[in-house]
Amino acid sequence: MDSAFPHRSRSLHDPHPEEPVTRPESAILLPMSDEMVIADGLSLGVVGAGVMGQTLIRGLLKSDLIPHSRIWAGDKNSSTCDTAAAELGLPVETDYQHRVPTADLILVCVKPADAPVVLATLRNSGLRRETLLISILAGVSTDMIEALLGTENPVVRAMPNTPAIVGEGMTVVCRGRYASKHDLERARHIFEGVGKCLPIDEVHFNAITALSGSGPAYQFLIMEALADAGVRVGLPRQLALTLVAQTALGAARMVLTTGRHPASLRDDVTTPAGCTIAGLLMLEDGRVRSVLARAVEEATKTAAHLGASPAKISEMAAGKRSGH
Ligand SMILES: NC(=O)c1ccc[n+]([C@@H]2O[C@H](COP(=O)([O-])OP(=O)(O)OC[C@H]3O[C@@H](n4cnc5c(N)ncnc54)[C@H](OP(=O)(O)O)[C@@H]3O)[C@@H](O)[C@H]2O)c1
């Protein structure tokens, strides 16, 4: 069996062994006030103010889930800090360590290779034992985060995607050994502020990283290609792009709201001897299904190799330091 796909047939919602649940965790949605997400008087920190860090902050600010004044961010790059602070209107600093003891929740949004440095920095900056760490690092397991952190802080692993910036993110979450169901709910509440969020067993995270984490990039490529196709048949580019993007949005909404199988929805618009079947057959001739499946398969393998072990992460960190 390929090591990238270790548990193909395992349930999506395997409960924690020590806390059996009688229904899937995705069905549990506790009512939660904002105070339950971030304790009164404490803050939410975001370490790594790059693409995802800023996306999540923007989404959180739009969702009004947590007041501006209680969010801060840290990044090692001072120009990133200056730009992000100006755009977001909150503190984004290279010397964010003094804020760590005030945090009730910290989102770790650096690249996997930077995890050892960041987690050691947090540990050595007065991290409270109760502070919930939410890691969005691709390929880095909760076991690895806990090992690198070396404390018993609750850890939740999340895999979001960039549409969080427009409130349409897709995130999955799972919890580490010291995190409770309540911690998972807190994380879920955060990500539901920026889209959909489901608790899913950690064994599926590499596949999910490949499917929905990387998914927006596939969709952008497909939309770009379809817009080019529109230009080829004589449409102005901007019109073609609008037609393609709105069509993608509408089709996605139909799948999500009707609950019908995409093949059945497709049949509805496929008139006998019509133009849709003509186009569909060309897509099939181009092996569109197997190309997409192979793309996701390859991305899943890559995700599995991103953070195979703490030693591997240290190796990646060393490679990054020596400029490889
Ligand atoms: N991009 C996506 O669509 C996506 C989706 C899901 C999950 N993720 C995950 O999200 C994480 C971040 O991805 P990204 O695309 O946002 O990366 P990114 O744009 O490179 O952002 C990471 C930021 O962290 C900073 N950083 C590095 N070391 C640091 C340290 N010791 N202390 C504080 N900040 C530090 C980086 O600064 P420098 O640039 O100076 O190194 C950079 O500004 C990754 O682990 C990725 O797997 C990404």
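Owing to the predicted nature of the structure, the values given are computational and were not obtained by experimental measurement.

Parameters and conventions
- Residues numbered from 1 in each chain as written.
- Predicted model: local features only at pLDDT ≥ 70, side-chain atom pairs only at ≥ 80, totals over all residues.
- Helix = DSSP H or I, 4+ residues; strand = E, 2+ residues; numbered from the N terminus.
- Contact = placed C-beta atoms within 7 Å.
- Buried ≥ 20, exposed ≤ 12 C-beta atoms within 10 Å, placed from the backbone.
- Near = placed C-beta within 6 Å.
- Nonpolar A, V, L, I, M, F, W, Y, C, P; charged D, E, K, R; others polar.
- Pairing = 2+ DSSP bridges.
- Axes fitted to C-alpha atoms, helices over the stretch in contact; angles between N-to-C directions.
- Expected span 1.5 Å × (residues − 1).
- Right-handed = clockwise from strand over helix to strand, strands pointing away.
- Parallel < 35°, antiparallel > 145°, perpendicular 65-115°, else oblique.
- Left-handed = near helix turned anticlockwise from the far one by under 90°.

Chemist: What exactly am I supposed to notice about the overall build of the protein chain here?
Modeler: Of regular secondary structure, the protein chain possesses 13 helices and eight strands. Once local pairs closer than 6 in sequence are excluded, the contacts in the protein chain between residues at least 24 apart make up 70%.

Chemist: I keep staring at helix α5 (residues 142-149) and nothing clicks. Help me out?
Modeler: At 3.6 residues per turn, the α-helix brings residues three or four places apart onto the same side. Counting buried positions along α5 yields six of eight residues, so the element is predominantly enclosed. T142, M144, I145, E146, L148 and L149 are the residues of α5 that are buried. Phi for G150, located one or two positions after α5, is positive at around 70 degrees.

Chemist: I would appreciate a short explanation of the site of the ligand in the present structure.
Modeler: The ligand sits among 27 residues. The nearest are G48, G50, M52, N77 and A138. Sorting the residues of the shell around the ligand by element identifies α2 (51-63) and α4 (115-123) as the ones contributing at least two each. In terms of residue class, the shell around the ligand is made up of 14 nonpolar, nine polar and four charged.

Chemist: Would you mind going over the sheet that holds strand β7 (residues 169-175) with me for this structure?
Modeler: For sheets, the rule is that strands pair by backbone hydrogen bonds, running either parallel or antiparallel. Sheet architecture is open: eight strands sit in the order β3-β2-β1-β4-β5-β6-β7-β8, paired in mixed fashion. Both outer strands of the open sheet, β3 (92-93) and β8 (195-199), are each paired with one neighbouring strand and no more. The strands touched by α2 are β1 (43-47), β2 (71-74), β4 (103-108) and β7; relative to β2, the strand with the most contacts, the crossing angle is about 175 degrees.

Chemist: Sorry if this is basic, but what is going on with helix α6 (residues 181-192) here?
Modeler: The terminal C-alpha atoms of α6, which comprises 12 residues, lie 16 Å apart, in line with the 16 Å expected from a rise of 1.5 Å per residue. Most of α6 sits inside the fold, with nine of its 12 residues counted as buried. The set of residues buried in α6 consists of D183, L184, E185, R186, A187, R188, H189, I190 and F191.

Chemist: Help me out: how do you make sense of unusual backbone geometry in this one?
Modeler: Keep in mind that most residues, glycine aside, have a negative phi and that most peptide bonds are trans. A positive phi angle, near 60 degrees, is found at D64, a position not held by glycine. Turning to its location among the elements, D64 is positioned in the loop between α2 and β2. The phi angle at R287 is positive, at roughly 55 degrees, despite the residue not being glycine.

Chemist: Looking at this structure, how should I read the pairing of strand β6 (residues 155-159)?
Modeler: Within a regular strand, the side chains alternate between the two sheet faces. Of all five residues in β6, five are buried, a share of seventy percent or more. Neither face of β6 is open: one carries V155, R157 and M159, the other V156 and A158, and all of them are buried. Bridging between strand β5 (residues 132-135) and β6 involves three bridges; their strand directions are parallel. From the neighbouring strand, S135 faces β6, where its bridge partner is R157. Assessed by its sense of winding, the connection that carries the chain from β5 through α5 to β6 is right-handed. Two elements, β6 and β7, share four bridges in a ladder whose sense is antiparallel. Of the residues in β7, the one forming a bridge with R157 is C174.

Chemist: Sorry if this is basic, but what is going on with the pairing of β4 here?
Modeler: With respect to burial, β4 is a largely interior element, five of its six residues being buried. As judged from the five bridges shared by β1 and β4, these two strands associate in the parallel manner. Across the sheet, the residue bridging to V47 is V108, located in β4. Summarising the sheet, β4 and β5 pair through four bridges and their orientation is parallel. When the sheet's bridge partners are listed, V108 is paired in β5 with S135. Read from β4 through α4 to β5, the crossover connection turns out right-handed.

Chemist: Teacher, can you tell me more about the packing of helix α7 (residues 205-213) against helix α12 (residues 288-306) here?
Modeler: The geometry of a pair of packed helices is captured by two quantities: the angle between their axes and the separation between those axes. Taken N-terminus to C-terminus, the directions of α7 and α12 make an angle of 130 degrees; their axes are 8 Å apart at the nearest point. With respect to their mutual orientation, α7 and α12 come out oblique. For the pair α7 and α12, the sense of crossing is right-handed. Within the contact between the two elements, α7 uses N206, A207, T209, A210 and L211 and α12 uses V296, A299, T300, A303 and A304. Here the contact of α7 with α12 is built from residues that sort into seven nonpolar, three polar and no charged.

Chemist: What's the story with the environment of G50 in this structure? I'm lost.
Modeler: One can find G50 in the loop between β1 and α2. By the C-beta count within 10 Å, which is 14 here, G50 ends up partly exposed. G50 sits 59 residues away from C109 along the chain, and the two C-alpha atoms are 7.6 Å apart. Among residues more than four places away in sequence, those in contact with G50 are T80 and C109.

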